[in-house]
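# A look at the structure
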Amino acid sequence: MQWSKLVDKAELMVNADRALLVNLMYEAEQELCREVNLLEELLAYTGITNTNTFDLPGAGSKIDSHAFKSMKTVLVNGKKIKPMFEEDFYYKNDNTVHDGTPVGYAINNESLIFSHNLRTGDSLRVKYVAVPTEYTLNSVPSIPEIYHKDLVYYACHIATLKDDPNASASFLNLWNRAIEKIKNQEGDRDMVNRVREVI
C-alpha cells in the first residue's frame with residue numbers, strides 16, 4: 001500500500017497534518033526494522049579485482065535506499081563464508097592478506113573485509129538485514145505489506161500524544177502488541193532456518 005494510502009487510513013483515526021503522518025509512519029518503519037529483522041536485501045558484487053575489502057550499504061553510501069544493519073549470509077563463488085575477527089586473519093610478512101578463497105570475513109565500520117584477496121572473476125553475494133534510509137510519498141514502504149497497518153498505529157500514537165493522551169495510549173498499545181507479534185514470528189522463522197542448517 002502506498003504511503004499516501006496509509007496516510008488516508010490514519011486520517012480516519014486522527015486529525016493531523018498529512019506531512020506529519022507520513023513522516024511518522026516512515027519513522028515507524030525505521031524503528032520496526034531496527035527492532036525486528038524485517039527487511040532483508042541481497043547484494044551481488046561485480047567487477048571484482050584482487051581485493052579483500054568491499055563497501056556495505058550505509059548512511060553515507062545509499063544503495064537501493066537501504067542501510068546495512070547486520071549480516072545474514074556471505075557467499076564467495078557459491079561457498080558460504082563464516083564470520084571471523086579481523087585479528088584472526090593470517091597476514092603475510094608485509095602485513096597484507098594472502099590471495100585465494102577466503103575462510104572468513106569481518107565487518108569494520110561500513111566495510112566487509114575478507115581473510116584473503118578475492119581474485120578477478122570471483123562472485124560475491126551478500127544477504128544482509130537492512131534499515132530504510134529514504135522514501136517518497138508515491139512509493140510503498142520497504143517492509144512487507146502485512147505490516148503496513150502497524151505503521152499507522154505508531155503515527156496515530158505520536159500524533160495524538162499531546163492533545164489526546166488516552167487515544168495515544170490506545171494506539172501505543174496496538175503498536176507494542178504488533179511489535180511483539182512480529183518478534184515472535186521472526187523467532188519462529190529463525191528457528192526453522194537453524195533446523196534446516198543442522199539437517
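Look up a bit, the structure's there.
Residues numbered from 1 in each chain as written. Predicted model: local features only at pLDDT ≥ 70, side-chain atom pairs only at ≥ 80, totals over all residues. Heavy atoms only, no water.

## Focus on the overall build of the chain
- Across its full length, the chain carries four helices and nine strands.
- Going from N to C terminus, the chain has its helices and strands arranged as α-α-β-β-β-β-β-β-β-β-β-α-α.
- Buried positions account for 41% of the 199 residues belonging to the chain.
- Within the chain, counting contacts between residues at least 6 apart in sequence, those at least 24 apart form 68% of the total.
- For the chain, the computed accessible surface area is about 11300 Å², with 50% contributed by carbon and sulfur atoms. (Helix = DSSP H or I, 4+ residues; strand = E, 2+ residues; numbered from the N terminus. Buried < 20%, exposed > 50% of the residue type's maximum accessible area, 1.4 Å probe, protein only. Contact = heavy atoms within 4.5 Å. Areas by Shrake-Rupley, 256 points an atom, 1.4 Å probe, with all protein chains shown as cover.)

## Quick notes on the sheet that holds strand β3 (residues 66–76)
- Here four strands make up an open sheet; going across it, the order is β1-β9-β3-β4 and the pairing antiparallel. Single-partner strands in this sheet number two, and they are β1 (40–45) and β4 (79–80).
- Taken together, the six bridges between β1 and strand β9 (residues 124–132) define a ladder with antiparallel strand orientation. The partner of Leu-43 across the bridge, within β9, is Val-126. (Pairing = 2+ DSSP bridges.)

## Regarding the pattern of salt bridges
- Applying the stated criterion across every chain, the model contains seven salt bridges.
- Note that Glu-40 and Lys-72 form a salt bridge whose closest N and O atoms lie 3.3 Å from each other. Remark: Lys-72 occurs in strand β3 and Glu-40 occurs in strand β1; sequence separation between them is 32 residues.
- In this structure, Lys-127 engages Glu-40 in a salt bridge whose closest nitrogen and oxygen atoms are separated by 3.5 Å. Highlighted residues: Lys-127 in strand β9 and Glu-40 in strand β1, separated in sequence by 87 residues.
- Exposure remark for Lys-127: the relative accessible area of 35% places this residue in the partly exposed category.
- Judged by its relative accessible area of 30%, Glu-40 falls in the partly exposed class.
- In this structure, a network of salt bridges that share partners links the residues Asp-8, Glu-11 and Arg-18. (Salt bridge = Lys/Arg side-chain N within 4 Å of Asp/Glu carboxyl O.)

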